[in-house]
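Chain residues, written in single-letter form:
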Amino acid sequence: MSGNKNQFDISEIAANLPAAGAAFSAEEHAGLVLAIKNKMDNLVGRRTDVLETLSPNARKRVECLRALQNNHDELEAKFLEERLALEVKYQKLYEPLYTKRSKIVSGGVEVEGVTIDAVIEQGEDDAPEEKGVPNFWLNAMKNNAVLAEEITERDEGALKYLKDIKWCRIDDPKGFKLEFFFDPNPYFRNTVLTKSYRMIDEDEQILEKAVGTEIDWYPGKCLTQKLLKKKPRKGSKNSKTIIKTEDCESFFNFFNPPEVPKDDEYIEDDAAEELQTEMEQDFDIGSTIREKIIPHAVSWFTGEAAKEDEFELSDDDYDDDDDVDDEDDEIYDDEDDDDEEESMGEGKKIEGAKPAEGQQGERPPECKQQ
């Protein structure tokens, strides 16, 4: 979130740049420079009280500084233009690498040096040939501390069918979209699950709302709900066991993000603060997948990236982990002691696998996959 509302930030102008791939015309370039100047003029207008306290000579010096700022803004507009062209260039260079990675992971193509004889030596003669890299995306996500907190034991069965993750920019409204591609599986009918983030300010990461795919679960396979059996009390006239469903923790709740109330809808301060926290956590998950998992998937799969990421964790991150058990203990406070929970319930959180030994090399620039 941005801090001081009166503070000028070039990101507010950058968010209105043409879509990726669009070229700047002379008119558009002039318009961008004008927009920056207008932004600065508006800011100065709000600070006239400061100028009024200055002597005439000091005001002249400030005017000279404003002229320098205008020159700077023209250069900055040129920088934004060239940066956009550079991003488009490298986006095209990344795409064939992601395509080849997807084929190798799924077993669509074989790499040099792998032979049938080598496969037979490693396993039973009658065992089916193993294709690709099993559980590639599942293990890559489990090795990331942020995502490992969201994945339960029950989720793993479905995430083993995840064969690729991609992301792309969206322009109307601005933001980005994540795409999760699944092989046919016994959990849901969808082959692609999507999550879109619509931004008020993309560079400042000010989120307007998020939209996810509705998952078409097979009967009895929903991972975001659990069945509870409630036995009648002793001596109760009603002898029937009550069965009800209850929401539970699952990675797949990621596709059902918090709903933002309409502009004219009243919301209590406490509820608004809770909603903001949920949205920030949800955006953190999406950004982690986009900025870390997708461009450096193999490093997360092997654990190299996890070892490097450990040094970036703050003390607050570890404090949050200490509260997990307490939260789990409080889930069923509203249930009677006689209640029984069926094994369709919530799974225990899985920690990321231990990082592999060795340091990770220098990473390439951020990838943007289409």
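A quick note: this is a predicted structure, and the numbers were derived from the prediction, not measured.

How each quantity is defined
- Residues numbered from 1 in each chain as written.
- Predicted model: local features only at pLDDT ≥ 70, side-chain atom pairs only at ≥ 80, totals over all residues.
- Heavy atoms only, no water.
- Helix = DSSP H or I, 4+ residues; strand = E, 2+ residues; numbered from the N terminus.
- Buried < 20%, exposed > 50% of the residue type's maximum accessible area, 1.4 Å probe, protein only.
- Contact = heavy atoms within 4.5 Å.
- Areas by Shrake-Rupley, 256 points an atom, 1.4 Å probe, with all protein chains shown as cover.
- Phe/Tyr/Trp six-rings, centres within 6.5 Å; stacked < 30°, edge-to-face > 60°.
- Lys NZ or Arg CZ within 6 Å of the ring centre and 35° of its normal.

Caption draft 1: Quick peek at the overall build of the chain. Helices and strands together make up the secondary structure of the chain, namely 13 helices and seven strands. Considering the chain as a whole, with its 370 residues, one finds that 33% of them fall into the buried category. A separation threshold of at least 6 residues defines the contact pool for the chain, and within that pool the share at least 24 residues apart is 68%. Of the roughly 23400 Å² of accessible surface on the chain, a fraction of 47% belongs to carbon and sulfur atoms.

Caption draft 2: Up close: the packing of aromatic side chains. Tallying each qualifying case throughout the model produces 21 aromatic pairs. For the ring pair F180 and F251, a centre distance of 6.3 Å and an interplane angle of 65° mean the geometry is edge-to-face. Linking F180 in strand β2 (residues 174-182) with F251 in the loop between β6 (242-247) and α9 (269-293), this pair joins segments that are 71 residues apart in sequence. According to the relative accessible area criterion, F180 is buried, its value standing at 0%. Taking relative accessible area as the criterion, F251 reaches 2% and is therefore assigned buried. One aromatic cluster in this structure is built from F180, F182, F188, W217, F251, F252, F254 and F255. Over the aromatic face of W167 sits the side chain of R290, whose NZ or CZ is 4.9 Å from the ring centroid.

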